[in-house]
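Results of the structural survey
The primary structure of each chain is shown beneath.
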Amino acid sequence: MIETDFPLLSLIIVIPLLGAVLAGSIRNIDISKQIAFFIALFTLLLTIFALLLFDADKSEFQLVERHPWIPILNIEYLVGVDGISVLFLPMTAIVTIITMLASWNAISHSSRFHFALLLALEGISIGIYCALDTVLFFLFWELTLPPFFFLIGLWGIGSQRRSAAMKYTLFMLAGGVTLLLAIIVLATNHATQAGGQIPNDLSFSLPVLLTTPLPHDLQTLVFLLLLFGFAVKSPLVPLHTWLPTVAMEGPAHVVAILVGLKLGVYGILRFTMPLAPVAAVEFSWVLSVIGAFTLIYGALIALQQTNLRRLLAYASISHVGLVMVGIASLNMQGFQGAVFQLINFTFVASSLMLIAGFIQHRFGSTEAVHLGGLAKVMPKLTCFYFLFMLASIGVPGTSGFPAELLMIVGALGAHSVLGVAALSGAILGAAYMLSFTRKTFFGPIVHNYVNQAIDLQPREIILLLIPALLILWFGLYPDYILNINQVSSEAWLSRLITKTP
């Protein structure tokens, strides 16, 4: 680990949290919103600075900060980033900014609390990406629940929004139980390997646990516990039912964060696979089956949808399945494609959900039967939608193409059946997106209120322009992302290969 004396990562985590307190305590609503926005913008600048300081030629954790937290249990405040996690910091900041802009005039009550929650969620999410102590990671993981609960329950658009918030929370709590159990097993195993003194020999440090031998039976237990806990959040079938519910009942900009920041899949990459490498290789076929089933199931269900928000929810589930197929390939192409796709989620999936929110705000519905002919009256929205839709199905020139190509090549290199599943998912993805697009954006205008639709406003154009430029940049120059995580990806993959029984 490469430690630093300047607490840059801590600032990136703490500033949004302090900003949330400040924005929530100011009486003037306009000033409160402006403060929240500028704090989010300042946080983005700090994350870009961290990215510039990062040395992509080193696989070690960098910008590491270490401080005692609960000494009696050897729990530390330990944060750091590597090539796998460092890009998620600015992406999280970007998603926060565009969701703030998307909800700027859409929140009619308790807006100070709303923007404070968005800032708090930003700091907590960045903490998840930076945490290198498993207890610290679990703390941030569980702290995401209150902001999402209130954001969905208080500002949702559906009549069942409170039930949706409760359903999401209960699902996440169930997954959290298995995560905590796995963390305790890992810590006590370290104590056993180090001499058996509890609590003196306990360790919750991820770098330490990565070097601690883990018996085969415990590897299987830890792998399954972690996989279940992270699969709930990802989500993977059959633990996915909360996402379509939240997509229909929750506010679009909050759902955009959920489909954009795939924290569950990141947890599988960061903890599940490296901490139990032998079990990960042995059960790679399980990951392959779950991923392929999630990919095809999500795509087939999306084909049947008549509501854009629900379609995007199942599309997100299907894309997670493809990412799992890439991870289960256990080769460089599949892994880098999976990481690339996770980065894509932050601006492709979230932007599509925001557009669905704009349509909902204008027409009161995202059902295909209530729309039709949108391209004639909303050309600006249509242009952005088409770009994000093409990136979602992996058209060349967009960021979705190199990500999907790498995962498909990785799947074909691992097993022909996996490759066929990945190709089938890509074809089905194009089918449901193009089919729904034809129904809603083209054809005759059958409802008079569609003629009265207002196209994108300047603020909405600006917030969509940011991810649009990133899609084109990463699509035309994918080496930027691949070069940053290449060395760390090689180290991640070599750990699994060298631990193969």
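Per chain, residue numbering runs from 1 following the sequence as it is written. Owing to the predicted nature of the model, reporting of local features is limited to residues with pLDDT of at least 70; listing and counting of side-chain atom pairs is limited to 80 or more, with chain, interface and lining totals taken over all residues. Hydrogens and waters are ignored; side-chain quantities use all the structure's heavy atoms.

1. Remarks on the pairing of strand β1 (residues 62-70)
Two strands qualify as a pair provided that DSSP identifies no fewer than 2 bridges between them. We count a stretch as a helix when DSSP gives it H or I for four or more residues in a row; a strand needs E for two or more, and each element gets its number in order from the N terminus. As defined by bridge partners, β1 adjoins strand β2 (residues 75-81) across six bridges and the pair is classed as antiparallel. Bridging from a neighbouring strand, Gln62 pairs with Val81 of β2.

2. Points about a nonpolar patch on the surface
Residues Phe6, Leu11, Phe49 and Leu53 make up a contiguous nonpolar surface patch of roughly 350 Å² in combined accessible area. Among the secondary structure elements, Phe6 is positioned in the segment before α1 (8-25). Patch membership needs two things, relative accessible area over 30% and no salt bridge, and members are linked within 9 Å if like-charged or within 5 Å if nonpolar (Val, Leu, Ile, Met, Phe, Trp, Tyr). Note on areas: these come from Shrake-Rupley sampling with a 1.4 Å probe, and a residue is covered only by the protein chains present in the view. What makes a salt bridge here is a side-chain nitrogen of Lys or Arg within 4 Å of a carboxyl oxygen of Asp or Glu, nothing more.

3. Some points on the nonpolar core
Formed by 196 residues in total, the largest nonpolar core has its most connected members in Met273, Ile327, Ile359, Met433 and Trp492. Counting residues per element, this core draws most heavily on helix α16 (residues 332-363), at 19 residues. Whether two residues touch is decided by their heavy atoms; if any such pair falls within 4.5 Å, the residues are in contact. Sequence-distant contacts of Ile359, that is, excluding residues within four places in its chain, are made with Leu308, Gly364, Ser365, Thr366, Leu371, Leu374, Leu381 and Phe441. In plain words, nonpolar cores are sets of buried Ala, Val, Leu, Ile, Met, Phe, Trp, Tyr and Cys residues tied together by side-chain atoms within 4.5 Å. Partly exposed residues are those whose accessible area sits between 20% and 50% of the maximum for their type, while under 20% is buried and over 50% is exposed, using a 1.4 Å probe and protein chains only.

4. Notes on the layout of surface pockets
For the largest pocket, the calculated volume is near 550 Å³. At the level of secondary structure, the elements contributing two or more residues to the lining of the largest pocket comprise α6 (145-155), α11 (252-260), α16 and α22 (458-476). A class-by-class count of the residues in the lining of the largest pocket yields eleven nonpolar, ten polar and five charged. The distinction between a cavity and a pocket rests on a 1 Å grid over the protein atoms alone: a 1.4 Å probe fits inside a cavity but cannot get out, while a pocket stays open yet meets protein on both sides within 12 Å along at least five of seven lines, and a residue with an atom within 4 Å of a point counts as lining. Grid points are joined across faces, edges and corners, and a volume is the space filled by probe spheres set on the points. Counted as a void, the second largest pocket has a volume near 350 Å³. Taken together, 15 residues line the second largest pocket, and the ones lying closest to its centre are Ser59, Phe61, Asp82, Leu210 and Ala491. Secondary structure elements with two or more residues in the lining of the second largest pocket: α8 (206-210), α12 (263-275) and α23 (479-498). Considering every element that reaches the lining of the second largest pocket, the biggest residue donor is α23, with four residues. Residues belonging to the lining of the second largest pocket are distributed by class as follows: nine nonpolar, two polar and four charged. When residues are sorted by character, Ala, Val, Leu, Ile, Met, Phe, Trp, Tyr, Cys and Pro go into the nonpolar class, Asp, Glu, Lys and Arg into the charged class, and all the rest, Gly among them, into the polar class.

5. Quick look at the pairing of β2
Extensive coverage of β2 is indicated by the burial of seven of its seven residues. Side chains of β2 alternate between two faces, with Ile75, Tyr77, Val79 and Val81 and Glu76, Leu78 and Gly80 buried alike.

6. Side note on the packing of aromatic side chains
Remark: the centre distance and the inter-plane angle together describe each pair of aromatic rings, the angle taken between the planes. The pairing test for Phe, Tyr and Trp rings, Trp by its six-membered ring, is centres within 6.5 Å, and the orientation test on the planes gives stacked under 30 degrees, edge-to-face over 60, and tilted for anything in between. Scanning all chains against the criterion turns up 28 aromatic pairs. With a centroid separation of 5.2 Å and 80 degrees between ring planes, the pair formed by Trp141 and Phe230 is classed as edge-to-face. Residue Trp141 is found in helix α5 (residues 134-143), and its partner Phe230 is found in helix α9 (residues 216-233); the two are separated by 89 residues along the sequence. Measuring from ring centre to ring centre gives 6.3 Å for Phe230 and Phe271, while their planes differ by 25 degrees; the resulting arrangement is stacked. You can see Phe230 sitting in helix α9 and its partner Phe271 sitting in helix α12, a full 41 residues away along the chain. Pair check on accessibility: Phe230 and Phe271 agree, each one buried.

7. So, the pattern of salt bridges
Considering all chains together, one arrives at four salt bridges under this definition. Across the pair Lys58 and Asp55 runs a salt bridge whose closest N-O atoms are separated by 3.8 Å. The exposure class of Lys58 is partly exposed, given its relative accessible area of 36%.

8. Describing unusual backbone geometry
When glycine is set aside, most residues are seen to have a negative phi, and most peptide bonds are trans. For the peptide bond that leads from Ser234 to Pro235, omega is -10 degrees, which places it in the cis range. Mapped onto the elements, Pro235 comes out in the loop between α9 and α10 (242-249). Each neighbour pair has its own omega, and for Val237 with Pro238 the value is 10 degrees, a cis peptide bond. With respect to the secondary-structure elements, Pro238 resides in the loop between α9 and α10. With a phi angle near 60 degrees, Asn74 is a residue other than glycine that sits in the positive phi range. Considering the arrangement of structural elements, one finds Asn74 in the loop between β1 and β2. You can call Asn74 partly exposed: its relative accessible area is 31%. Of note in the backbone geometry, Ser110 takes a positive phi value of approximately 50 degrees without being a glycine. As for its position among the elements, Ser110 is in the loop between α3 (88-102) and α4 (111-130).

9. A word on the packing of helix α2 (residues 29-53) against α4
Structural elements are reduced to axes, namely lines fitted to C-alpha atoms, with helices fitted over the stretch in contact, and the angle between N-to-C directions of any two is expressed from 0 to 180 degrees. Two elements in contact, α2 and α4, have axes separated by 9 Å at closest approach and are oriented at 15 degrees. In terms of axis orientation, α2 runs roughly parallel to α4. Note on packing geometry: the crossing formed by α2 with α4 is left-handed. Contacts between α2 and α4 involve Ile29, Ser32, Lys33, Ala36, Ile39, Ala40, Thr43 and Thr47 from the former and Ser111, Arg112, Phe115, Leu119, Glu122 and Ile126 from the latter. Put simply, angles under 35 degrees are roughly parallel, angles over 145 are roughly antiparallel, angles from 65 to 115 are roughly perpendicular, and the rest are oblique. Take the far helix as your reference; a near helix turned counterclockwise from it by less than a right angle gives a left-handed crossing, and one turned clockwise gives a right-handed crossing.

10. Quick word on the side chain of Gln219
Structurally, Gln219 is set in helix α9. Its relative accessible area of 7% is what places Gln219 among the buried residues. Excluding anything up to four places from it in sequence, Gln219 contacts Leu214, Ala276, Pro277, Val278 and Ala279.

11. A look at empty space enclosed by the protein
Under the counting rule described, the total for this entry stands at seven cavities of 30 Å³ or more. In this structure, the largest cavity spans a volume of roughly 150 Å³. In terms of lining, the largest cavity is formed by 15 residues, of which the most central are His319, Val348, Ala349, Leu352 and Ser392. Those elements that place two or more of their residues in the lining of the largest cavity are α15 (308-328), α16 and α18 (379-392). Broken down by element, the lining of the largest cavity gets its largest block of residues, seven residues, from α16. Looking at the lining of the largest cavity residue by residue, the class counts come to nine nonpolar, six polar and no charged. The space that makes up the second largest cavity amounts to roughly 60 Å³. Taken together, Leu295, Ser318, His319, Leu322, Ser392, Ile393, Glu404, Gly425, Ala426, Gly429, Ala430 and Tyr432 form the lining of the second largest cavity. When contributions to the lining of the second largest cavity are tallied by element, the ones reaching two or more residues are α15 and α20 (416-441).

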